[in-house]
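Reading the structure
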Amino acid sequence: MAVEESFLRCTACDQEAEHVVIYAGRFVSEIQCTGCGAVTRLDVSDEYLPDLRQRISSKPGRLLRRLRADPGELASTLPVRTLSKPVRMVEEFRTVWRSRRRG
């Protein structure tokens, strides 16, 4: 799950304002206007699981490319990333689940 900020026109208040954009994997699943607080949730569940399968199947190749490019960087970050991955995946699943409820 990634969180980014972007300057957009709000569909609720019709004002240009900063918005918090939440991604589940590669898909925008939630957009919140920081001006009025309106939240737009996008149901990404149909696209998410096939994308997750592709991300999992491509992971060994991506790790190998990182290892070849910078072995020291991979060796220093892999232990922490491996331990934090389950937490990050739970957050991503929650984001997708929330997007299904549309609220």
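To be clear, the structure that these remarks concern was listed above.
Bear in mind that the values here come from a model prediction, so they are computed numbers and not experimental data.

Counting secondary structure elements, the protein chain contains 2 helices and 4 strands. Sequence-ordered secondary structure for the protein chain, helices as α and strands as β, is β-β-β-β-α-α. Relative to the globule expectation of 13 Å for 103 residues, the C-alpha radius of gyration of the protein chain, 17 Å, shows a markedly less compact shape. In terms of overall dimensions, the protein chain has C-alpha extents of about 50 × 25 × 20 Å along its principal axes. The buried share among the 103 residues of the protein chain stands at 23%. By sequence separation, contacts in the protein chain at least 24 residues apart represent 34% of the contacts at least 6 residues apart. Working note: accessible area of the protein chain is about 7000 Å², and carbon and sulfur atoms make up 57% of it.

Next up on the list: the sheet that holds strand E1 (residues 2-9). A sheet is described by the order of its strands in space; here 4 strands give the open sequence E1-E2-E3-E4, paired in antiparallel fashion. Each having just a single partner strand, E1 and strand E4 (39-41) make up the two edges of the open sheet. On average, each strand axis in the sheet is inclined to that of its neighbour by 25°, with strand direction left out of account. Where strand E2 (residues 16-24) and strand E3 (residues 27-33) come together, 6 bridges link them in antiparallel fashion. By the bridge assignment for E3, His19 is matched with Cys33.

One can expect most non-glycine residues to show negative phi and most peptide bonds to be in trans. Here Asp14, not a glycine, exhibits a phi torsion of approximately 60°, which is positive. Along the polypeptide, Asp14 turns up in the loop between E1 and E2.

What the rule picks out here adds up to 8 salt bridges. Salt-bridge contacts for Arg26 lead to Asp51; the nearest nitrogen and oxygen are separated by 3.0 Å. Linking Arg26 in the loop between E2 and E3 with Asp51 in helix H1 (residues 45-69), this pair joins segments that are 25 residues apart in sequence.

This next bit is on the packing of aromatic side chains. Evaluated as defined, the whole model comprises 1 aromatic pair. Here the aromatic rings of Tyr48 and Phe93 are separated by 6.0 Å at their centres, their planes lie at 85°, and the arrangement is edge-to-face. Of this pair, Tyr48 sits in helix H1 while Phe93 sits in helix H2 (residues 71-101), and the two are 45 residues apart along the sequence. Judged by relative accessible area, Tyr48 falls into the buried class, the value being 1%.

Let's shift gears to the nonpolar core. The biggest cluster of nonpolar side chains holds 6 residues, and these are Ala24, Val44, Tyr48, Leu52, Met89 and Val96. Those elements that provide at least two residues to this core are H1 and H2.

Reading the values: rules and limits
Residues numbered from 1 in each chain as written. Predicted model: local features only at pLDDT ≥ 70, side-chain atom pairs only at ≥ 80, totals over all residues. Heavy atoms only, no water. Helix = DSSP H or I, 4+ residues; strand = E, 2+ residues; numbered from the N terminus. Rg over C-alpha atoms; globule rule 2.2 N^0.38 Å. Buried < 20%, exposed > 50% of the residue type's maximum accessible area, 1.4 Å probe, protein only. Contact = heavy atoms within 4.5 Å. Areas by Shrake-Rupley, 256 points an atom, 1.4 Å probe, with all protein chains shown as cover. Pairing = 2+ DSSP bridges. Axes fitted to C-alpha atoms, helices over the stretch in contact; angles between N-to-C directions. Salt bridge = Lys/Arg side-chain N within 4 Å of Asp/Glu carboxyl O. Phe/Tyr/Trp six-rings, centres within 6.5 Å; stacked < 30°, edge-to-face > 60°. Core = buried A, V, L, I, M, F, W, Y, C linked by side-chain atoms within 4.5 Å.

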